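Next come the chains, spelled out residue by residue.
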Amino acid sequence: MQYRELGRTGLRVSAIGLGCAMIGNSTVEYATRIVHRAIDLGVNYFDTARGYWDSEAKLGVALEGGLRERVVISTKTGAKTRDAAWQHIQESLQRLRTAYLDNCHLHGLATAEDAAERTGPGGALEALIEAKRRGLIRHIGCTSHRSDVLIAALERFDFEIILVPMNIVETEPLETLIPLCHERGVGVTIMKPLATGLLPAPLALKWLLNQPIATAVPGASTLAEVEENSKVGHGDATLSAREVAEAARLRRELEHERCRICDQCLPCAAGINIPEHLGTDVMFDHLRTMGREGFLAYPWSRDTLAKDLESRQKAIAAIEACDHCGDCESRCPHGLPVMAMLGRQLPAFRDMVGMYGEMLRT
Ligand code: SF4
Ligand code: SF4
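Residues numbered from 1 in each chain as written. Chains lettered and ligands numbered in written order. Predicted model: local features only at pLDDT ≥ 70, side-chain atom pairs only at ≥ 80, totals over all residues. Heavy atoms only, no water.

Trainee: Would you mind going over the environment of aspartate 158 with me for this structure?
Mentor: Within the fold, aspartate 158 resides in the loop between helix H6 (147–156) and strand E8 (161–165). Aspartate 158 sits 116 residues away from glycine 42 along the chain, and the two C-alpha atoms are 30 Å apart. Ignoring anything within four residues of it in the chain, the contact list for aspartate 158 reads Arg8 and Arg184. Within the structure, the side chain of aspartate 158 is placed 3.1 Å from the side chain of arginine 184, a separation counted as a polar contact. (Helix = DSSP H or I, 4+ residues; strand = E, 2+ residues; numbered from the N terminus. Contact = heavy atoms within 4.5 Å. Polar contact = N/O pair within 3.5 Å; in protein donor to acceptor, adjacent residues only side chain to side chain.)

Structure follows, in structure tokens:
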């Protein structure tokens, strides 16, 4: 495995990490096997969050028995206030069964105003600073789906690590954000490396290894996926002429298909969470990558199935209520055909509801 410096933190991290959102959806036994396989393959950077179902708890179980000291744990708090963030940190430490967090991010800064609120007086950042002073956290980072918001956050505080989406289609961070991070010694970690299942893993990860980043954190819901992803960090990352051409083709093809999760299409009059369905829908991504048979056979946690059944039914009702006002499309800066994309997802969403019912009955 290739290892890289994580900014000025002094940590050396595997160029391919593990995004742990997906392990929150499987049984604890299978999640443990995924984490252990990743470690066997040289992965030492684990990106989780209290918001990823019970991913923290499953990662904590998997790292028991002496593995914790071999890895870097990065988690997140979406809290706005100091008090709420302090509570989150205590809970994350408990769930992860650890005495310290290597990194804690302010999770999902939505706008510059949101960043100002959370880094301002009484904001969540104050709790992270205090936790670092007490040795409960070693580094402080922040995440956003928007480069401009991360730049605004870095103007307000000297964060040590950032997490931002980047992939063959979404290259905006390369323009200003990443050069700024290098200038300031900020560790650059990358989410959505496969554009939520739209890109082929080996090429997408190899492309990222050629960018000025510390680590990419693809999620993996199966042992086969964690093996495929991790092995990219083992070999020669030089892109062949054929791979460069294929990356360019994918960029052209997906430019107006890949949702950047920037929220600029909101609000939707029908209450549809457009960025979630088009850009971050983990269960829909699972169905797309596993296929129907694989989805039905997967060892899902029953809690995940029950929760997604409920939210999926609400999503279907909301999408069916879309009155085609067109506001989302006129606001989308990337020219996405939002209405058509949501319409294309509906049959799969209905199928998922049927499958959940079937799986929960067994
Ligand atoms: S067209 Fe449909 S999805 Fe778009 S904003 Fe209007 S109601 Fe919402
Ligand atoms: S649909 Fe467009 S505006 Fe809405 S989140 Fe995706 S990229 Fe942003």
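Trainee: Whenever I open this one, the site of ligand 1 confuses me. Can you help?
Mentor: For ligand 1, the full set of nearby residues is Cys268, Ala270, Ile272, Cys322, Asp323, His324, Cys325, Gly326, Cys328, Met339 and Leu342. Of the pockets mapped on this structure, ligand 1 occupies the largest cavity. Looking at the shell around ligand 1, its residues break down into 8 nonpolar, 2 polar and 1 charged. (Near = heavy atom within 4 Å. 1 Å grid on protein atoms, 1.4 Å probe; cavity = no way out; pocket = protein on both sides within 12 Å on 5 of 7 lines; lining within 4 Å. Sits in = over half its atoms within 2 Å of the grid points. Nonpolar A, V, L, I, M, F, W, Y, C, P; charged D, E, K, R; others polar.)

Trainee: Teacher, can you tell me more about the pairing of strand E6 (residues 101–106) here?
Mentor: On a regular strand, one side chain projects to one face of the sheet and the next to the other, so that they alternate. Most of E6 is tucked away: 6 of the 6 residues are buried. Bridging between strand E5 (residues 72–77) and E6 involves 4 bridges; their strand directions are parallel. When the sheet's bridge partners are listed, serine 74 is paired in E6 with asparagine 103. Considered for its hand, the β-α-β crossover made up of E5, helix H3 (residues 82–95) and E6 is right-handed. Relative to strand E7 (residues 137–143), E6 runs parallel, the two sharing 5 bridges. Looking at E7, one finds that asparagine 103 is bridged to histidine 139. (Buried < 20%, exposed > 50% of the residue type's maximum accessible area, 1.4 Å probe, protein only. Pairing = 2+ DSSP bridges. Right-handed = clockwise from strand over helix to strand, strands pointing away.)

Trainee: What am I meant to see in the layout of surface pockets here?
Mentor: If a probe as big as a water molecule is rolled over the atoms, it shows which places are left empty. Here the second largest pocket defines a volume of roughly 290 Å³. For the lining of the second largest pocket, the elements supplying multiple residues, two or more each, are H6 and E8. Its residues assigned to classes, the lining of the second largest pocket comprises 6 nonpolar, 5 polar and 7 charged. (Points joined across faces, edges and corners; volume = space filled by probe spheres on them.)

Trainee: I tried to follow the side chain of threonine 32 on my own but got confused; where do I start?
Mentor: Position of threonine 32 among the secondary structure elements: in helix H1 (residues 28–40). The contact partners of threonine 32, leaving out residues within four places of it in the chain, are Val61 and Ala62.

Trainee: How do you make sense of the packing of aromatic side chains when you look at a structure like this?
Mentor: For any two aromatic rings, the description comes down to two numbers: the centre-to-centre distance and the angle of the planes. Across all of its chains, the model carries 6 aromatic pairs by this definition. Between phenylalanine 284 and phenylalanine 349, the aromatic rings sit 5.6 Å apart at their centres with planes inclined by 75 degrees, giving edge-to-face as the arrangement. Highlighted residues: phenylalanine 284 in helix H12 (residues 282–297) and phenylalanine 349 in helix H15 (residues 338–361), separated in sequence by 65 residues. This pair shows no difference in class: phenylalanine 284 is buried, exactly as phenylalanine 349 is. The interplanar angle of 55 degrees and the centroid separation of 5.0 Å between the aromatic rings of phenylalanine 295 and tryptophan 300 together place this pair among those described as tilted. What makes phenylalanine 295 buried here is its relative accessible area of 0%. (Phe/Tyr/Trp six-rings, centres within 6.5 Å; stacked < 30°, edge-to-face > 60°.)

Trainee: Explanation requested: the nonpolar core in the structure shown.
Mentor: If you look at soluble globular proteins, the nonpolar side chains tend to sit buried side by side. Counting residues in each nonpolar core, the largest one holds 110 residues, and the members touching the most others are Leu18, Phe46, Ile162 and Phe295. The element contributing the most residues to this core is H15, with 11 residues. Residue contributions to this core reach at least three from each of two domains, namely domain 1 (3–246) and domain 2 (274–361). Membership of the second largest hydrophobic core comes to 10 residues, among which are Leu11, Val72, Leu163 and Ala214. (Core = buried A, V, L, I, M, F, W, Y, C linked by side-chain atoms within 4.5 Å. Domains from an automatic or database assignment.)

Trainee: What am I meant to see in unusual backbone geometry here?
Mentor: The general pattern is negative phi for most residues beyond glycine and trans for most peptide bonds. Of the consecutive residues leucine 266 and proline 267, the connecting peptide bond is found in the cis state with omega at 0 degrees. Looking at where proline 267 falls in the secondary structure, it is placed in the loop between helix H10 (241–254) and helix H11 (274–279). Non-glycine residue alanine 195 carries a positive phi angle of around 55 degrees. Relative to the helices and strands, alanine 195 resides in the loop between strand E9 (187–191) and helix H8 (201–209). Residue alanine 195 is classed as buried on the basis of its relative accessible area, which comes to 1%. Positive phi, close to 70 degrees, is recorded for aspartate 263, a residue that is not glycine. Its place among the elements puts aspartate 263 in the loop between H10 and H11. Classification of aspartate 263 by relative accessible area gives partly exposed; the value is 37%.

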